[in-house]
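Chains, contacts and geometry: an overview
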Amino acid sequence: MQTTTAKLYSLHCVQAKTYLAAALFVAGNIALPQLCHTVHLGGPTWLPIYFFTLVGAYKYGWRTGLLTALASPVANSLLFGMPVAAALPAILLKSVVLALVASWTAARFRRASLLLLAGVVLAYQTVGTLGEWALAGDFRTAAQDFRLGLPGMLLQIAGGWALINLKRK
């Protein structure tokens with residue numbers, strides 16, 4: 001198991017760096033879904049809307065994570081119609097849970113490992129699935145990320161770990 005000590009931050013709402021980081025992560029959460037949606041079932045398979053929310057919340061704290069979690073799905077929906085408005089509550093729920101779980105895990109353990117990130121992804125997907133089930137009333141629809149999105153979850157874990165631990169030269 002790979003464990004490293006990453007530089008983790010807790011940015012505050014009065015810092016311009018918080019909004020700059022969130023804006024960059026939102027831009028990533030806009031570009032990556034557009035790329036993934038060029039292939040059949042790219043969105044449900046790769047779950048791209050959550051990737052930079054995970055990285056932002058883990059690396060820069062809950063404020064940056066929540067800004068990214070809330071702005072990304074809304075911006076994508078307004079700009080491109082994806083996700084459709086009816087899906088926004090469930091996606092926003094998962095995004096917010098992801099931001100909170102990722103930032104709490106980073107603050108609690110002060111390191112990033114593949115196992116910790118796997119725990120974050122499993123936690124937000126489980127809570128999000130239960131919440132989506134409550135919202136939609138259909139377990140099969142709510143469990144779609146577990147049925148189709150395993151490649152995306154693995155990408156979040158491995159790719160998230162790589163970006164969080166990226167060393168600046």
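Structure first, text after, so check above.
Residues numbered from 1 in each chain as written. Predicted model: local features only at pLDDT ≥ 70, side-chain atom pairs only at ≥ 80, totals over all residues. Heavy atoms only, no water.

The next point concerns helix α4 (residues 62-80). Counted at 1.5 Å a residue, the expected span for α4 with its 19 residues is 27 Å, and the 27 Å between its end C-alpha atoms agrees. Tucked inside the fold, the buried residues of α4 contact α1 (16-36), α3 (51-60) and α5 (88-109). Where α4 terminates, the next one or two residues include Gly 81, which has phi positive at roughly 75°. (Helix = DSSP H or I, 4+ residues; strand = E, 2+ residues; numbered from the N terminus. Expected span 1.5 Å × (residues − 1). Contact = heavy atoms within 4.5 Å.)

The residue Leu 163 is located in helix α9 (residues 150-164) in this model. For the pair Leu 163 and Lys 59, spaced 104 residues apart in the sequence, the C-alpha separation amounts to 9.0 Å.

This paragraph deals with the packing of aromatic side chains. Counting across every chain of the model gives six aromatic pairs. Aromatic side chains Phe 51 and Phe 52 sit 5.0 Å apart centroid to centroid with 90° between the ring planes, which places their arrangement in the edge-to-face category. A relative accessible area of 7% places Phe 51 in the buried class. Summarising the aromatic geometry, the rings of Trp 133 and Phe 139 are spaced 4.9 Å apart at their centres and angled 65° between planes, so their arrangement reads as edge-to-face. Residue class for Trp 133 comes out partly exposed when judged on its relative accessible area of 40%. Positioned above the aromatic ring of Phe 109 is the side chain of Arg 108, whose terminal nitrogen or guanidinium carbon lies 5.0 Å from the ring centre. (Phe/Tyr/Trp six-rings, centres within 6.5 Å; stacked < 30°, edge-to-face > 60°. Buried < 20%, exposed > 50% of the residue type's maximum accessible area, 1.4 Å probe, protein only. Lys NZ or Arg CZ within 6 Å of the ring centre and 35° of its normal.)

Under the counting rule described, the total for this entry stands at two salt bridges. Between Glu 132 and Lys 94 there is a salt bridge, with its nearest N and O atoms 3.1 Å apart. With Glu 132 in helix α6 (residues 114-136) and Lys 94 in helix α5, this residue pair connects regions lying 38 residues apart in the sequence. Like Lys 94, Glu 132 is buried. Of the charged contacts in the structure, one is a salt bridge between Lys 94 and Asp 145, with a shortest N-O distance of 2.8 Å. One end of the pair, Lys 94, is in helix α5; the other, Asp 145, is in helix α8 (residues 144-148), and 51 residues separate them in sequence. The class for Lys 94 is buried, based on a relative accessible area of 2%. (Salt bridge = Lys/Arg side-chain N within 4 Å of Asp/Glu carboxyl O.)

In this chain, Met 82 is followed by Pro 83 through a cis amide linkage whose omega measures 5°. With respect to the secondary-structure elements, Pro 83 resides in the loop between α4 and α5. Although it is not a glycine, Leu 47 adopts a positive phi angle of roughly 45°. As for its placement among the helices and strands, Leu 47 is situated in the loop between α2 (42-46) and α3.

α3 sits mainly inside the fold: 10 of its 10 residues count as buried. Within α3 the residues assigned to the buried category are Phe 51, Phe 52, Thr 53, Leu 54, Val 55, Gly 56, Ala 57, Tyr 58, Lys 59 and Tyr 60. Structurally, α3 contributes buried residues whose contacts are with α1, α4, α5, β2 (112-113), α6 and α9. Positive phi appears at Gly 61, one or two residues downstream of α3, with a value of about 100°.

Two elements in contact, α1 and α4, have axes separated by 8 Å at closest approach and are oriented at 40°. Taken together, the axis directions place α1 and α4 in an arrangement best described as oblique. Between α1 and α4 the crossing geometry is right-handed. Residues Thr 18, Tyr 19, Ala 21, Ala 22, Phe 25, Val 26, Asn 29, Ile 30, Pro 33 and Gln 34 of α1 pack against Arg 63, Thr 64, Leu 67, Thr 68, Ala 71, Ser 72, Ala 75, Asn 76, Leu 79 and Phe 80 of α4. Residues belonging to the contact of α1 with α4 are distributed by class as follows: 12 nonpolar, seven polar and one charged. (Axes fitted to C-alpha atoms, helices over the stretch in contact; angles between N-to-C directions. Parallel < 35°, antiparallel > 145°, perpendicular 65-115°, else oblique. Left-handed = near helix turned anticlockwise from the far one by under 90°. Nonpolar A, V, L, I, M, F, W, Y, C, P; charged D, E, K, R; others polar.)

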